[in-house]
Amino acid sequence: QVQLVESGGGLVQAGDSLSVSCAASGRTFSTFSSYAMGWFRQAPGKEREFVATISRSGGITYYADSVKGRFTISRDNAKNTVYLHMNSLKPEDTAVYYCAARRDYSNTYTTINEYSYWGQGTQVTVSS
């Protein structure tokens, strides 16, 4: 059984900060440190879009232009968990946030089709 479970979403005001996390479990993730992790989001009526990705060691990160400088992705391989720290939130950041995982072959993975495993999502709402 493979599970990615997001948590930490909620309702905040514009300019606030919020962190969401994603815990991986199951036999597949017994080697969590072999997986690249990504965060995506989907706003109502829009397609799911890439937010951020982090390499298996945590040494390489990459962000969508819309969140660069405001969001930080990190991971704790001892806890099988990846985090997304969001600062200076804007109403346009309102979306369901999904984490995703795939085996890391030393590339940067930014598209939906590149990821094999997905969580169920957590809602982030930013009021103006």
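Here the residue numbering is sequential within each chain, running from 1 through the sequence in written order. This being a predicted model, a pLDDT of at least 70 is required before a residue's local features are given, and a value of 80 or more before pairs of side-chain atoms are given or counted; all residues contribute to the totals for chains, interfaces and linings. Only heavy atoms go into the side-chain values, all of them from the structure, while hydrogens and water stay out.

Engineer: Is there a simple way to think about the side chain of Arg 41 in this case?
Structural biologist: Under the DSSP-based scheme used, a helix requires at least four consecutive residues in state H or I and a strand at least two consecutive residues in state E, with every element numbered from the N terminus. Assignment of secondary structure puts Arg 41 in strand β4 (residues 35-42). Of the polar contacts made by the side chain of Arg 41, one reaches the side chain of Glu 49; its length is 2.7 Å. Contact criterion: two residues are considered in contact whenever any of their non-hydrogen atoms come within 4.5 Å of each other. Sequence-distant contacts of Arg 41, defined by excluding residues within four places in its chain, comprise Glu 47, Arg 48, Glu 49, Val 51, Ser 66, Val 67, Phe 71, Glu 92, Asp 93, Ala 95, Val 96 and Tyr 97. Polar contacts, as used here, are pairs of N or O atoms within 3.5 Å; protein pairs need one atom able to donate a hydrogen and one able to accept it. Residues neighboring in sequence count only if both atoms are side-chain atoms.

Engineer: Help me out: how do you make sense of the pairing of strand β11 (residues 122-127) in this one?
Structural biologist: Every regular strand shows the same layout, with side chains that alternate between the two sheet faces. Each residue is placed in one exposure class: buried if its accessible area under a 1.4 Å probe, protein chains only, is under 20% of its type's maximum, exposed if it is over 50%, and partly exposed if it falls in between. The two faces of β11 differ: Thr 122, Val 124 and Val 126 on one face are buried, but Gln 123, Thr 125 and Ser 127 on the other face are not. The pairing criterion is simple: DSSP has to find at least two bridges between the two strands. As paired elements, strand β2 (residues 10-13) and β11 share 4 bridges and run parallel to each other. Bridged to Val 12 within β11 is Val 126.

Engineer: Which parts of the structure should I look at to understand the environment of Ile 60?
Structural biologist: Here Ile 60 lies in the loop between β5 (49-54) and β6 (61-63). Its relative accessible area of 51% is what places Ile 60 among the exposed residues. Linking Ile 60 and Asn 107, residues 47 residues apart in sequence, is a C-alpha distance of 9.6 Å. Discounting chain neighbours no more than four positions away, the residues touching Ile 60 are Thr 53, Ile 54 and Ser 55.

Engineer: Sorry if this is basic, but what is going on with the environment of Glu 49 here?
Structural biologist: Its location among the elements puts Glu 49 in strand β5. Through-space distance from the C-alpha of Glu 49 to that of Tyr 97 is 9.6 Å; in sequence the pair is 48 residues apart. Sequence-distant contacts of Glu 49, that is, excluding residues within four places in its chain, are made with Phe 40 and Arg 41.

Engineer: Please explain the nonpolar core as it appears in this structure.
Structural biologist: Nonpolar side chains tend toward joint burial in soluble globular proteins. Grouped together as the largest cluster of nonpolar side chains are 36 residues, with contacts concentrated most on Met 37, Trp 39, Leu 84, Met 86 and Tyr 97. Of all elements in the fold, only β3 (18-25), β4, β5, β7 (71-76), β8 (81-86), β9 (95-103) and β11 reach the threshold of two or more residues within this core. Note on terminology: a nonpolar core comprises buried Ala, Val, Leu, Ile, Met, Phe, Trp, Tyr and Cys residues joined through side-chain atoms within 4.5 Å.

Engineer: Hey, could you run me through the state of the cysteines in this one?
Structural biologist: Here a disulfide denotes one covalent bond, and it connects the sulfur atoms of two cysteines. Only a pair of cysteine sulfur atoms within 2.5 Å qualifies as a disulfide here. Enumeration over the complete set of coordinates arrives at 1 disulfide. The residue that forms a disulfide with Cys 22 is Cys 99, at a sulfur-sulfur distance of 1.9 Å. Of this pair, Cys 22 sits in strand β3 while Cys 99 is found in strand β9, placing the two residues 77 residues apart along the sequence.

Engineer: Hey, could you run me through the pattern of salt bridges in this one?
Structural biologist: It is possible for side chains bearing opposite charge to pair when their charged atoms get close. A carboxyl oxygen of Asp or Glu within 4 Å of a side-chain nitrogen of Lys or Arg is what we treat as a salt bridge. Taken as a whole and assessed by the stated rule, the structure comprises 4 salt bridges. The partner of Glu 49 in a salt bridge is Arg 41, with the nearest N and O atoms 2.7 Å apart. Look at Arg 41 and you get buried, because its relative accessible area is 5%. Through salt bridges that share partners, Arg 41, Glu 49, Arg 70 and Asp 93 make up one connected network.

Engineer: Explanation requested: the sheet that holds β8 in the structure shown.
Structural biologist: Remark on secondary structure: sheet strands pair via backbone hydrogen bonds, oriented parallel or antiparallel. Across the sheet, 4 strands lie side by side as β1-β3-β8-β7; this open sheet has antiparallel pairing. Two strands bound the open sheet, and with one partner strand each, they are β1 (3-7) and β7. In this sheet, neighbouring strand axes are inclined to one another by 15° on average, regardless of whether the strands run parallel or antiparallel. An axis is simply a line fitted to the C-alpha atoms; with a helix, the fit covers only the stretch in contact. Between two such axes, the angle follows the N-to-C directions and lies from 0 to 180 degrees.

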